[in-house]
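In case you want the letters, here they are:
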Amino acid sequence: MTCGTRTLVATMLAATALYGGSTPTAAQDERLTVHDAVRLSLENHPRLAATEAARQSAAAALRETKADRIPQATLEASATRFQEPMLVAPLHSLDIAASPPQFENTLIQSRFTVGYLLFDGGRRGAGIGQARALDESAGAAVASARMSVLEEVTWAYLEVLTASGVDEANRRRVAALEAERRRVDQLLTEGRAARVELLRVDAALASAQADLVAAQSAVAVASRTLARVIGVEPGAIVPAGLAAVIATPIPLAADPIPEALTTNPDLEQVRQRSNALREAERGARATWFPAVRLTGGIQTFGSANGHFSAEWQGAVVVSYPLFTGGARKGGTARAAAAAVEAAEELRLMEWRVEEAVERAMASYQESQARVPALSTAVQHLEEVARIEQLSLATGAGVQTDYLAAEAELARARAELVRARHVAIAVRVTLARATGHLSVAWLTEYLENGS
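Trainee: What is the right way to read the overall build of the chain from this model?
Mentor: Within the chain one finds ten helices and six strands. In terms of C-alpha radius of gyration, the chain reaches 38 Å, well past the compact-globule figure of 22 Å for 450 residues. Expressed along its principal axes, the backbone C-alpha trace of the chain runs to roughly 140 × 45 × 40 Å. Taking all 450 residues of the chain together, the buried fraction comes to 40%. For the chain, the distance from the average site of its 45 positive side-chain charges to the average site of its 51 negative ones is 3 Å.

Below you can see the structure in the form of structure tokens.
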């Protein structure tokens with residue numbers, strides 16, 4: 001995390017911790033928005049660093065494999081000390097009539113060789129094709145990891161807001177029940193209420209307080225999860241310091257599955273891995289062909305006292321393994337089986353992508369219907385609870401009806417909070433399933449509320 005980013009987060013968290021979101025101030029406006037959380041997660045998440053390192057490794061492997069198409073040059077040099085004097089140059093280079101052969105104890109030799117693989121049955125091309133497919137797969141893995149992090153941090157952010165909203169709903173229920181208990185206690189003191197009414201409200205209050213404790217625990221867990229995802233200290237996230245998230249309408253195709261089968265990065269990763277294994281199978285079959293290599297070079301001979309001479313060499317080398325003990329046949333069969341396995345895994349991944357899109361679409365449509373329905377239900381239940389409370393105050397109501405209305409209202413409020421955030425989250429999941437999830441997409445379709 002950069003120094004500037006640390007300062008920004010520290011300012012945000014310090015402001016929200018100080019003011020607690022209760023009083024509108026200039027400091028309170030410096031909230032940690034969902035876009036801030038996304039930026040921080042992209043800077044700090046280890047999954048992105050790991051997949052990027054893997055992509056760089058795959059790119060390097062591709063460059064290494066492509067080098068096989070270039071002639072290879074080698075330079076060797078040696079200095080050897082013999083116990084007895086050794087002939088300095090080969091006999092065929094000596095002119096015995098002009099000068100006698102030279103013998104020395106220390107011989108110096110060097111060799112410069114250039115070699116090129118002229119034909120190998122397609123093994124080299126298959127290796128390059130395999131490395132290229134693995135490089136494409138690594139690139140898709142980076143895109144998939146990036147989308148996964150975007151989805152994870154958005155869900156974590158929304159989960160904090162959801163838990164905070166559920167906590168608020170339970171707090172309102174506890175406050176209402178505490179007010180009812182004070183009313184009943186006063187009536188009991190005046191002799192105008194039965195003790196069973198106090199017991200009944202105490203039981204409802206205890207249940208509400210238990211729900212409140214569970215809600216507070218959920219807030220703490222969600223806050224720590226978000227802090228971990230964006231790379232800040234656990235416990236640094238204050239729910240009051242988060243801004244509400246509002247989703248704008250997104251365009252949806254009538255059938256997004258064909259598009260998802262083309263743009264989904266997880267599917268592309270598996271597809272390229274399958275292509276790599278097909279290339280590996282082609283390379284294994286190429287071992288049944290002979291290899292032809294051209295070599296040439298210059299070799300020098302000399303000694304510690306000089307007497308240097310040089311000669312050129314050239315050769316055409318044909319190699320073919322006549323007997324491998326079944327290793328070649330086994331390798332070909334293994335590569336073919338791996339290619340078939342990868343093809344079936346690709347089909348399975350296509351099914352999973354289709355299922356993920358269908359589930360996301362169903363969740364999206366469900367959320368579109370649940371939010372307005374629950375909003376109406378909360379409005380009606382608020383009115384029911386108000387009427388029941390007035391009835392109790394005038395002595396015309398039944399306490400059990402009021403307690404039931406408050407419990408139902410608290411559940412409806414909590415469900416409405418969840419539904420609103422699920423409606424946003426499933427849009428993010430759908431964007432990931434169709435391969436469109438990005439920072440630009442989040443910027444366009446997610447806004448920060450007050």
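Having put the structure on the table, let's press on.
Trainee: I'm lost on the side chain of Thr-248 in this one. Help?
Mentor: Here Thr-248 lies in the loop between strand S3 (245–247) and helix H6 (257–263). Classification of Thr-248 as buried rests on a relative accessible area of 18%. Sequence-distant contacts of Thr-248, defined by excluding residues within four places in its chain, comprise Arg-427, Glu-444, Tyr-445 and Glu-447.

Trainee: It is not clear to me how the pattern of salt bridges should be interpreted in this structure. Could you clarify?
Mentor: A side chain with one charge may pair with a side chain of the opposite charge, provided their charged atoms come close. Here the structure, examined in full by the defined rule, presents 19 salt bridges. Note that Arg-181 and Asp-202 form a salt bridge whose closest N and O atoms lie 2.4 Å from each other. Of this pair, Arg-181 sits in helix H4 (residues 123–189) while Asp-202 sits in helix H5 (residues 195–230), placing them 21 residues apart in sequence. Of the residues examined, Arg-181 reaches a relative accessible area of 29% and is grouped as partly exposed.

Trainee: For this particular structure, what's the right way to read the pairing of strand S2 (residues 103–119)?
Mentor: When a strand is regular, its side chains alternate between the sheet's two faces. Pairing between strand S1 (residues 72–87) and S2: twelve bridges, direction antiparallel. Across the sheet, Ala-73 pairs through a bridge with Val-114, a residue of S2. Looking at chain direction, S2 and strand S4 (residues 291–303) are connected through twelve bridges and run antiparallel. Paired with Gly-115 across the two strands is Thr-295, which belongs to S4.

Trainee: Looking at this structure, I do not really get the packing of aromatic side chains. What am I missing?
Mentor: To describe a pair of aromatic rings, one takes the distance between the centres and the angle between the planes. Per the stated rule, a full pass over the model turns up one aromatic pair. Seen from their ring centres, Trp-441 and Tyr-445 are 5.0 Å apart, and the 50° between their planes marks the pair as tilted. In this pair, Trp-441 and Tyr-445 are both assigned in helix H10 (residues 439–445), four residues apart and thus about one turn of the helix distant. You can call Trp-441 buried: its relative accessible area is 11%. The exposure class assigned to Tyr-445 is buried, which follows from its relative accessible area of 12%. The side chain of Arg-328 reaches across the aromatic face of Trp-288, ending 4.3 Å from its centre.

Trainee: Is there a simple way to explain the confidence of the model for the chain in this structure?
Mentor: It should be kept in mind that the predicted coordinates are not to be read in detail where pLDDT is low. Averaged over every residue, the pLDDT of the chain is 87; residues scoring 70 or more account for 92%. For the stretch residues 1–28, pLDDT sits under 50, and the model shows 34 contacts to residues farther than four places along the chain or on other chains.

Trainee: Just checking my understanding: could you explain the pairing of S4 for this structure?
Mentor: Where S4 meets strand S5 (residues 306–319), twelve bridges bridge the pair, whose relative direction is antiparallel. Counterpart to Gly-297 in the pairing with S5 is Gln-313. Between S4 and S5, which pair antiparallel in sequence order, lie two residues.

Trainee: How do you make sense of a nonpolar patch on the surface when you look at a structure like this?
Mentor: A contiguous nonpolar surface patch, about 1,100 Å² in accessible area, is contributed by Leu-118, Phe-119, Trp-288, Phe-289, Leu-294, Val-316, Val-318, Tyr-320, Leu-322 and Phe-323. Looking at the nonpolar patch, the elements with two or more residues in it are S2 and S5. Tracing the chain through its elements places Phe-119 in strand S2.

Trainee: Help me understand H5 in this model?
Mentor: Helical periodicity: at 3.6 residues per turn, an α-helix aligns residues three or four positions apart in one direction. Between the first and last C-alpha of H5 there are 53 Å, a value that for 36 residues agrees with the 52 Å anticipated at 1.5 Å per step. Two residues or fewer after H5 comes Gly-231, characterised by a positive phi angle close to 85°.

Trainee: It is not clear to me how the nonpolar core should be interpreted in this structure. Could you clarify?
Mentor: What tends to happen in soluble globular proteins is that the nonpolar side chains get buried as a cluster. Ranked by size, the top nonpolar core spans 41 residues in total, and within it Tyr-157, Leu-226 and Ile-230 carry the most contacts. Broken down by secondary-structure element, the contributors of at least two residues to this core are helix H2 (34–44), H4, H5, helix H9 (399–433) and H10. Among the elements that line this core, the one with the most residues is H4, at eleven residues. Discounting residues that sit within four places of it in the chain, Leu-226 has contacts with Val-153, Ala-156, Tyr-157, Val-160, Ile-237 and Leu-242.

Trainee: What exactly am I supposed to notice about the side chain of Thr-65 here?
Mentor: Examined against the element boundaries, Thr-65 turns out to sit in helix H3 (residues 46–66). A polar side-chain atom of Thr-65 sits 2.8 Å from the main-chain carbonyl oxygen of Ala-61.

Trainee: Would you mind showing me how to read H4 here?
Mentor: Over its 67 residues, H4 extends 95 Å from the first C-alpha to the last, a length consistent with the 99 Å expected when each residue adds 1.5 Å. Backbone geometry just after H4 places Gly-191 at a positive phi near 80°.

Trainee: Just to check I follow, could you spell out the sheet that holds S2 for this structure?
Mentor: As a general point, the strands of a sheet are linked pairwise by backbone hydrogen bonds and lie either parallel or antiparallel. Here four strands make up an open sheet; going across it, the order is S1-S2-S4-S5 and the pairing antiparallel. Two strands bound the open sheet, and with one partner strand each, they are S1 and S5. Pairwise comparison of adjacent strand axes, ignoring direction, gives a mean angle of 20° for this sheet.

Trainee: Help me out: how do you make sense of the environment of Pro-234 in this one?
Mentor: Looking at where Pro-234 falls in the secondary structure, it is placed in the loop between H5 and S3. Separated by 51 residues in the primary sequence, Pro-234 and Arg-285 have C-alpha atoms spaced 55 Å apart.

Trainee: In this structure, what is going on with the packing of H4 against helix H7 (residues 265–285)? I would like to understand it.
Mentor: Helix-helix packing: each pair is described by the crossing angle between the helix axes and the interaxial distance. Across the interface, H4 lies against H7 with an axial gap of 8 Å and an inter-helix angle of 165°. The angle between H4 and H7 falls in the class roughly antiparallel. You can see that H4 and H7 cross each other, and the crossing is left-handed.

Conventions used here
- Residues numbered from 1 in each chain as written.
- Predicted model: local features only at pLDDT ≥ 70, side-chain atom pairs only at ≥ 80, totals over all residues.
- Heavy atoms only, no water.
- Helix = DSSP H or I, 4+ residues; strand = E, 2+ residues; numbered from the N terminus.
- Rg over C-alpha atoms; globule rule 2.2 N^0.38 Å.
- Buried < 20%, exposed > 50% of the residue type's maximum accessible area, 1.4 Å probe, protein only.
- Lys, Arg positive; Asp, Glu negative; His and termini not counted.
- Charge placed at Lys NZ, Arg CZ, Asp CG, Glu CD.
- Contact = heavy atoms within 4.5 Å.
- Salt bridge = Lys/Arg side-chain N within 4 Å of Asp/Glu carboxyl O.
- Pairing = 2+ DSSP bridges.
- Phe/Tyr/Trp six-rings, centres within 6.5 Å; stacked < 30°, edge-to-face > 60°.
- Lys NZ or Arg CZ within 6 Å of the ring centre and 35° of its normal.
- pLDDT = per-residue confidence, 0-100.
- Patch = residues over 30% accessible without salt bridge, like charges linked within 9 Å, V, L, I, M, F, W, Y side chains within 5 Å.
- Areas by Shrake-Rupley, 256 points an atom, 1.4 Å probe, with all protein chains shown as cover.
- Expected span 1.5 Å × (residues − 1).
- Core = buried A, V, L, I, M, F, W, Y, C linked by side-chain atoms within 4.5 Å.
- Polar contact = N/O pair within 3.5 Å; in protein donor to acceptor, adjacent residues only side chain to side chain.
- Axes fitted to C-alpha atoms, helices over the stretch in contact; angles between N-to-C directions.
- Parallel < 35°, antiparallel > 145°, perpendicular 65-115°, else oblique.
- Left-handed = near helix turned anticlockwise from the far one by under 90°.

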